[in-house]
Amino acid sequence: MPLMKSWVDSANSPDHPFPLNNLPYGVFSTEGGEPRCGVAIGDMILDVTAAEAEGLIALSDAPLFDVPLWNELMEEGPAVWAALREQLTMLLAEGAEARHKVEPLLVPQADAQMHMPFAVSEFTDFYAGKHHAMNVGTMFRGPENALPPNWLHIPIGYNGRASSVVVSGTDVRRPWGQLKGPNDNKPRWAPCARFDIELEMGAIVGTPSDGPITVQEADDHIFGYVLLNDWSARDIQAWEYQPLGPFQAKATATSISPWIVTKAALEPFRCDTPEREVELLDHLKDRGPMLYDIDLSVTMAPEGKEASTIARTNYKEMYYSSAQQLAHHATAGSPMNVGDLLGSGTISGPEKHERGSLLELSWGGKEPITLETGETRSFIEDGDTLTLKGAAKGDGYTIGFGDCVGKVLPALDDPFAR
Ligand code: CA
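Just so it is clear, the model here is predicted, and its values are computed rather than measured.

Turning next to the sheet that holds strand β4 (residues 106-108). Taken in spatial order, the five strands line up as β4-β3-β2-β1-β5 in an open sheet, and their pairing is antiparallel. Pairing within the sheet leaves two strands with one partner each, and these edge strands are β4 and β5 (113-115). Taken pair by pair, the neighbouring strands of this sheet meet at an average axis angle of 50°, ignoring direction. Bridge count between strand β3 (residues 44-47) and β4: three bridges; the pairing is antiparallel. Its bridge partner lying in β4, I45 is registered against V107. Packed on one face of the sheet, helix α3 (residues 78-92) meets β1 (25-29), β2 (36-41) and β3 and runs near 65° to β1.

Written out as structure tokens, the structure is:
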């Protein structure tokens, strides 16, 4: 499908992240105003809450956008998701009859502050990128034992904290924690010295389930995707992770990009998972292409300096799709709810510059990276701003995600010092 033209001129550029083909959903406010639901179109946001109040959008007898979160739309199910996309396309397409009614409801993105686009019910994070698992496993256990014996059979995950998920632009405070390095004879209480990012995609569950579902059903249940940065305290993680996995190392914050890119917008970019190295059991087998060809990158900007790109990779490098992860998550009976967020796991490619964490890029701090501005980094320093970017390239158009940005602030004074 080529670029769909809009009467909002900025949406028609082949490189713009928000053409009519995209229509991602967010929550925004302007100075002095309350947060509202909106859809990005070019450089503008259409106020969906106002469009519904004025009868330009009609989906249900009761309003769906009176609360500034997209959960209510998700609860209506896939037929209503499709109806909204159709109505928005009609309102914003070149030659739209209703243009004179819609135009007053546009707000420049430059004047808007973005908020959490949906209420996160629960947050689960996976470890499903093979290059990442191989790199980390090689560092910690050597190349022969890099992949745990279950890794090629199930997508490994852990239950995170929904309360720690924040929207792009939220500052992240360096945490304190209990640390014990390999050469320390006892643990100590200190600020994290190895604070890191993880470049991930987040899948949002839009349809609930209560018990096992197939991979195909799981794919149908996903509403959309965001970029996700799973901030990670590597020194806290190294001491705590055995035997039950990460805990406080991942509890500081998880940032997501502000716009939910719907599965409908990503349809043209579907692709297969990489070749299976061992056959999966039937309940986790691929049922068609359920990954997406999305270019991803990470930039780092020291305080007051220009940003340097430190990694480039692609979502198609994942070994397991979000549909496989969701299907696996539901196997033992855990209900999945509208607004559940599933982190893909860190996305690294096979090459050195394709690694999605500083742990891998600096090989555990042994090979610091040099930024374009001359600074070197093994891990994040105070004042650094980390940005994740994502874009799928179509035929004369781009499906962008909106940046996922976070600045790291210095640790507070010792919270337990008297
Ligand atoms: Ca992670």
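Attention now moves to the coordination of the calcium ion. Donor atoms from the polypeptide that bind the calcium ion are D125 (OD), E198 (OE), E200 (OE) and D230 (OD), placed at 2.2 to 2.4 Å. Going along the chain, you hit the donors of the calcium ion in the pattern D-x72-E-x1-E-x29-D. Here E198 is found in the loop between β12 (195-196) and β13 (199-205), whereas its partner D230 is found in strand β14 (residues 222-230), with 32 residues between them in sequence. Given the relative accessible area of 0%, D230 is considered buried.

We now examine the pairing of β3. Two faces make up the sheet, and in a regular strand the side chains alternate between them. Here β2 pairs with β3 via four bridges, running antiparallel. Note that in β3 the partner of G38 across the bridge is D47. Linking β2 back to β3 in an antiparallel pair, the connection comprises two residues, with G42 at a positive phi of about 55°.

As a further point, take the pattern of salt bridges. Applying the stated criterion to the full structure yields 21 salt bridges. Here K130 ties to E277 by a salt bridge, and the two come within 2.4 Å at their closest N and O atoms. In this pair, K130 sits in helix α5 (residues 130-141) while E277 sits in the loop between β18 (270-271) and β19 (291-292), placing the two residues 147 residues apart along the sequence. Classification of K130 by relative accessible area gives buried; the value is 18%. For R234, the salt bridge goes to D196, with nearest N and O atoms at 2.8 Å. A residue pair is termed long-range when its members are at least 10 positions apart, and R234 in helix α7 (residues 234-240) and D196 in strand β12 qualify at 38 residues.

In this section: the environment of N71. In this structure, N71 sits in helix α2 (residues 71-76). Sequence separation between N71 and F118 is 47 residues; the distance between their C-alpha atoms is 5.8 Å. Setting aside its immediate chain neighbours within four residues, N71 contacts F118, A119, V338 and G339.

Along its sequence, the chain is carved into domain 1 (9-115) and domain 2 (123-409). Contacts between the two partners involve 25 residues from domain 1 and, on the opposite side, 26 residues from domain 2. Overall, the association of domain 1 and domain 2 removes approximately 1,900 Å² of surface from exposure, summing both partners, and the carbon and sulfur fraction of that is 68%. By the criterion of area lost to domain 2, the three top residues of domain 1 are Y25, M74 and W81, representing 29% of everything that side buries. At the boundary of domain 1 and domain 2, one finds one salt bridge. For D15, the salt bridge identified is with K393, shortest N-O distance 3.2 Å. For the side of domain 1 that touches domain 2, the elements supplying multiple residues, two or more each, are β1, β2, α2, α3 and β5. Sorting elements by how many residues they give to the side of domain 1 that touches domain 2 places α2 first, with four residues. Looking at the side of domain 1 that touches domain 2 residue by residue, the classes come out as 15 nonpolar, seven polar and three charged.

Parameters at a glance
Along each chain, numbering runs from 1 in the same order as the chain's sequence is written. Given that this is a predicted model, residues contribute local features only at a pLDDT of at least 70 and side-chain atom pairs are listed and counted only at 80 or more, while totals for whole chains, interfaces and linings are drawn from all residues. Think of the side-chain values as coming from all heavy atoms in the structure, minus any hydrogens and water. When DSSP finds two or more bridges between a pair of strands, those strands are recorded as paired. We count a stretch as a helix when DSSP gives it H or I for four or more residues in a row; a strand needs E for two or more, and each element gets its number in order from the N terminus. Axis definition: a line fitted to C-alpha atoms, over the contacting stretch in the case of helices. Angles run 0 to 180 degrees between N-to-C directions. Only heavy atoms matter for contacts: two residues are in contact if any of them lie within 4.5 Å across the pair. A donor here means an N, O or S atom no more than 2.8 Å from the metal, or no more than 3.2 Å when the metal is Na, K or Ca. Since water is not included, a site may seem to lack partners. Relative accessible area decides the class of each residue, using a 1.4 Å probe on protein chains only: under 20% of the type maximum gives buried, over 50% gives exposed, and in between gives partly exposed. The salt bridge definition used is simple: a Lys or Arg side-chain nitrogen within 4 Å of an Asp or Glu carboxyl oxygen. Domain ranges listed in this record stem from an automatic or a database domain assignment. Put simply, buried area is the surface a 1.4 Å probe can reach on two separate parts but cannot reach once they are joined, added for both. For this classification, Asp, Glu, Lys and Arg are treated as charged, while Ala, Val, Leu, Ile, Met, Phe, Trp, Tyr, Cys and Pro are nonpolar and the rest, including Gly, are polar.

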